[in-house]
Structures are given as structure tokens and as C-alpha cells.
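Spelled out, the chains give:
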Amino acid sequence: MLTQIDFYDKDTVKNILGCLSVKPDRIVFIYDSEIKDKNRFVCLESCFKKHLPNIIFEIRPVDINDVIMIYKTVIDVIDTYSRDGRCVMDITGGSELMTVAGAKAAIETKTKMLYSDIIEGRIINVEDKADFIPAETLTLDDYVEAKCAVFIGNSHDAPDESRFGAILDMCEYIFSHLKEWRVTCSYIQQAMASTPKSDVDLRSVLYFKTKGGHKVSPDIKMLEKFQELGFIKDLYVSEKHIVFSFKSEKYKSYLINFGVWLELFVYIHAIKTGEFSDVRLGAMVDWDIFDDKSVPGNEIDVVFTDASMPVFVSCKLTEATTSAINELVIERKRIGGWFSKAIIVTFSNDKKENSGVYKRAKELGVEMLDKNDIMSGEFGKRLVSAVREHDLVSLKWKKF
């Protein structure tokens, strides 16, 4: 029987990657006794058992400032479980003193020490870097479940793959006529404001008056484009009225949401690159599964994994703001910790102009793709580059 010793860490990936890769029969987590909420270990065990249903899960508290106590706890685990098998130790997580005490115990007992090289995607033998195994591929659900959270649906229904081409064509038109889209979207929102969600028929006067007395009407050419690409049907426009039907409730939700088209654009390109896995649109997260309330705490515009690392993308069909960047950083840290990546896609020239917002994004380790990237005709390629060239190692030495 193989027993693996781990030191509990605030970074989720450090807690789960080594165990799911080595696949031991028993895992013993040594943790800071100041951690009072034991639900985190319930969730961690649940994450493990989803992949390793027969795993034995144990936890041992220690004073993380007491090297002798940590050392003795590790020695006790090794002595107890080496009798009916062998032990290995993963020193990736935990505090510095845990690493010192664990290494001392491992060296004295000739216990194999492992380290999760998260960036390179492998689990290595500390004493022989040529001795390694490939790291397991993690999913977004693994990260979220280990954090005692859960995905509770999506703010937008993802499109069928058969419609990717039509959506990208519509995105191209909208991005080239953004002023007209803003007015048209506002008109549709007002026209459908008091209708049930299931109502897919728009029948309205051609003009609305705003509180300021201005007339608001849709751009007819844009509506004709929506009909041409199969999002609406039966478009009829007279001097005073307009009538059409949405092809579905899903398309209705797209046409009453100004910014969703950039989210769809990024989502489709992320899938079409073939480089990423577990791509999700408008993922909503409930951060506490133990409070008996299903309440979304965050909505992530687009999220996917790249070599087991979660990548969080915020989409703004406007200029980016510092608050949007800060929110993205919080989402990234909360789910993925240090070993995750964040990208903001904004319909602005912030990167080209080296604006203050762009500089702030770089300071916080957030990659930016702007209007130039969106309209380049090779957005998928640039998205892959933004993810792959995001240097987590160099970020360790930046001033935050």
C-alpha cells in the first residue's frame, strides 16, 4: 500500500495535482492547526474520491511554527504506514518550515521526496530530476470542488458548434458597427422589457422616446443582418412599427445583451484553436456549498484550462477599467491561486496606446488583448500566444 504525505497549501493545485498524478492508496495531509474550518478537507477528500474512489484520506494538525512538532508528526506517519507498504512525500505545498521538517524526516528515513513542477506538468523525484511522471490533467471542476465551491450553471447558453460560423460573421458585423449595435440593443431591451422570458415575438413602435426626449430606433440594416444569419425571422418594418421573431430564447438572450457578442467571440475562438480544454461560457460559481443557498458569487465570462492550469477571461465590449482588472485578479486567485492565468479582452486601444489601465494590468499579471487583436483576423492565434507566453515565474518578482 502506497501512502503519500502532503502539506496543505492555500494554492489548490499544490494540494491536488501530486496526489491525482501519483494515485496513492492513502493520502495524509499535514496542516496548520489554526485552520478551524474542516469543511475544506471534506471537499478535498471529495475531489480525490471522484478520481480515486478507494483512497484513504487522513489529516494531521501541527503548529506550523514548531519544526520539531512537524518533524515528529511526519516521522510518526512514516513509521506507522511503512510497515504495510511504502511512503512518499510531496513537498510542493505548505510553509517553509514544513518543507524543512519534512525534508529532514524524509532524508533520515530514506523516504522518496516528490515535487510537482506545475508549469512543466510533471511530478519529479527531488533527488533525481530524470525520474519523473507526467502530471495528471486537472479540470475546472477539480479546482472548484476542492475549494468547497460549485458551478451552478451559465449566465448564457453556449451556442451549438454548427452555429459558430454565423455567430463569428455576426460578431464581425457588430464590431464594425458598434455604435449601431449599441442603439439597436438598447431598443430591443426596451421593446422586450415587460415580456416573459419565453416570449420570442417583438411587436413594437419603431421609435421610443428616452427620458431626455431623444428618439431611439434600431438600425434596420443590422436587423436585416441578424435575419440573414438566422437569429431572427419574419422581419417587417413600416413607417411606425416593427415586427420580428427571435429564432429561439437563446438568440433572444444574445440580442438583449450588449456585451455577450465579445464573450461568444472569445469562447468560439478558444474552442476552435483546439489548444484548450473544458471551455465554458458565462460560468457562475457558488462559493460555499455548505450554506444551503445556491447563490452565484461570481460570473466568469470565459474560462478554460491549459495544461491543467485554469485561465480566466474577462470580456469588455467597451474600454477596460481598473476595477474590472481587480475583479479578474480576485477570481483568478480564489479558484486557481498563483498557478492560474488571467486575460482581459477589451474593445479599446489600451494596449496599443500603452494606457494606464494596460500598465496596471501588466503590474497585476493580467494579459490584455485589445481592439487591434480582436479585429486582426487571427484572434485565436493571439489568444494562444497570450496564454502560453504568460510567464508565471517572472511574475514572482513583480511589485503588486
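Scope of this entry: the structure provided in the associated data block. (Residues numbered from 1 in each chain as written. Predicted model: local features only at pLDDT ≥ 70, side-chain atom pairs only at ≥ 80, totals over all residues. Heavy atoms only, no water.)

## Thoughts on the state of the cysteines
- Under the counting rule described, the total for this entry stands at one disulfide.
- Put simply, Cys-43 and Cys-148 are joined by a disulfide, and their sulfur atoms are 2.2 Å apart. For the disulfide bridge between Cys-43 and Cys-148, the dihedral angle about the S-S bond is near 115°, and by the sign convention the bridge is right-handed. Taken together, the positions of Cys-43 in helix α2 (residues 39-51) and Cys-148 in the loop between α5 (140-146) and β8 (150-154) put the pair 105 residues apart, joining distant regions of the chain. No difference in accessibility class separates Cys-43 from Cys-148, as the two residues are buried.
- In this model Cys-87 remains outside any disulfide bridge; the closest cysteine sulfur is found in Cys-19, 14 Å from its own.
- Cys-87 sits in the buried class, given a relative accessible area of 9%.
- Left unpaired, Cys-171 is separated from the closest cysteine sulfur, that of Cys-315, by 10 Å. (Disulfide = S-S within 2.5 Å. Helix = DSSP H or I, 4+ residues; strand = E, 2+ residues; numbered from the N terminus. Buried < 20%, exposed > 50% of the residue type's maximum accessible area, 1.4 Å probe, protein only.)

## Quick notes on unusual backbone geometry
- Of note, Lys-23 is a non-glycine position whose phi angle comes to about 60°, a positive value.
- For Lys-23, the position within the fold is in the loop between α1 (12-22) and β2 (26-32).
- A residue is classified by how much of its surface remains accessible, and Lys-23, at 41% relative accessible area, is partly exposed.
- The backbone phi angle of Ala-307 is positive, close to 50°, even though this residue is not glycine.
- Topologically, Ala-307 is positioned in the loop between β15 (298-306) and β16 (309-316).
- Looking at Ala-307, the relative accessible area reads 64%, which means it is exposed.

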